[in-house]
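Inside the fold
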Amino acid sequence: MEISIPENVFLIFQGVKAIPLNQAVTSIGRSHDNTVVIDDPRISRHHLEIRVVQESFVVFDLHSTGGTYINGQRITQGLLYPGDLISLAGVNLVFMQDQLLPGRGKSDTTPIGPGVHSTAIFQSSMTSKNIKDARKKSP
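Residues numbered from 1 in each chain as written. Predicted model: local features only at pLDDT ≥ 70, side-chain atom pairs only at ≥ 80, totals over all residues. Heavy atoms only, no water.

Here we come to the overall build of the chain. The helix and strand inventory of the chain stands at one helix and twelve strands. In the chain, which comprises 139 residues, the share counted as buried stands at 35%. With the model as given, the accessible surface of the chain reaches about 8800 Å², and the carbon-plus-sulfur share is 51%. (Helix = DSSP H or I, 4+ residues; strand = E, 2+ residues; numbered from the N terminus. Buried < 20%, exposed > 50% of the residue type's maximum accessible area, 1.4 Å probe, protein only. Areas by Shrake-Rupley, 256 points an atom, 1.4 Å probe, with all protein chains shown as cover.)

Okay, structure coming up:
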């Protein structure tokens, strides 16, 4: 099954560097086997993953020591919206998506940024198996 990855999606690292999110899974951490390596002692070797799930981006904390926060709220899993501030033990990344959403014109002035959308947090007990089972039971 091919995964559709939205275009023009990136992270802004410490306000100065744009990191494209152009893979189905982007791993971030201190270890050199990650997609994005951040050489900072506050970051765990394998801190988090950002995965494309049904054309949305979802953060999964990988049991990091310092934790992962979206807009100031600690998460284990969470859906990202443009402008969300992701903090990895104090190292900041901003999630950005530079494209028009369906039904929106160029003159759209909908604000983006931390706090504009409620942070969508998932229970860590929600697994693919549980979601598939729930879909089978629904009419």
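Here the narrative resumes, following the displayed structure.
This part covers the sheet that holds strand β7 (residues 68-70). Strand pairing in a sheet relies on backbone hydrogen bonds. The paired strands run either parallel or antiparallel. Overall, antiparallel pairing links the six strands, which are arranged β2-β1-β11-β10-β7-β8 in an open sheet. The open sheet is flanked by β2 (17-20) and β8 (73-75), the only strands paired with a single partner. Neighbouring strand axes in the sheet, compared pairwise and without regard to direction, differ in orientation by 30° on average. Judged from the three bridges that link them, β7 and strand β10 (residues 85-88) form a sheet pairing that is antiparallel. Each bridged residue has a counterpart across the sheet, and for Tyr-69 the counterpart in β10 is Ser-87. (Pairing = 2+ DSSP bridges. Axes fitted to C-alpha atoms, helices over the stretch in contact; angles between N-to-C directions.)

In terms of nonpolar packing, the biggest core is built from 21 residues, with Leu-11, Ile-28, Ile-50 and Ile-86 touching the most fellow members. Those elements that provide at least two residues to this core are β1 (9-13), β5 (48-53), β6 (56-61), β10 and β11 (91-97). Those residues within four positions of Ile-50 in sequence are excluded, and the remaining contacts are Leu-11, Leu-21, Ala-24, Val-25, Thr-26, Ile-28, Phe-57, Val-58, Val-59 and Leu-80. (Core = buried A, V, L, I, M, F, W, Y, C linked by side-chain atoms within 4.5 Å. Contact = heavy atoms within 4.5 Å.)

So, on to the packing of aromatic side chains. Enumeration over the complete set of coordinates arrives at one aromatic pair. Each ring, one from Phe-57 and one from Phe-95, has its centre 5.5 Å from the other, and the planes form 55°; the classification is tilted. Of this pair, Phe-57 sits in strand β6 while Phe-95 sits in strand β11, placing them 38 residues apart in sequence. The same class applies to Phe-57 as to Phe-95, namely buried. The ring of Phe-60 is capped by Arg-51, whose NZ or CZ atom sits 3.9 Å from the centre of that ring. (Phe/Tyr/Trp six-rings, centres within 6.5 Å; stacked < 30°, edge-to-face > 60°. Lys NZ or Arg CZ within 6 Å of the ring centre and 35° of its normal.)

Within the chain, residue pLDDT values average 80, and 70% of them lie at 70 or more. Here residues 100-110 is a poorly scored stretch, pLDDT under 50, and it has three contacts once near neighbours within four places are set aside; other chains count. Residue range residues 124-139 is modelled with pLDDT below 50. Its contacts to residues more than four positions away, or to other chains, number six contacts. (pLDDT = per-residue confidence, 0-100.)

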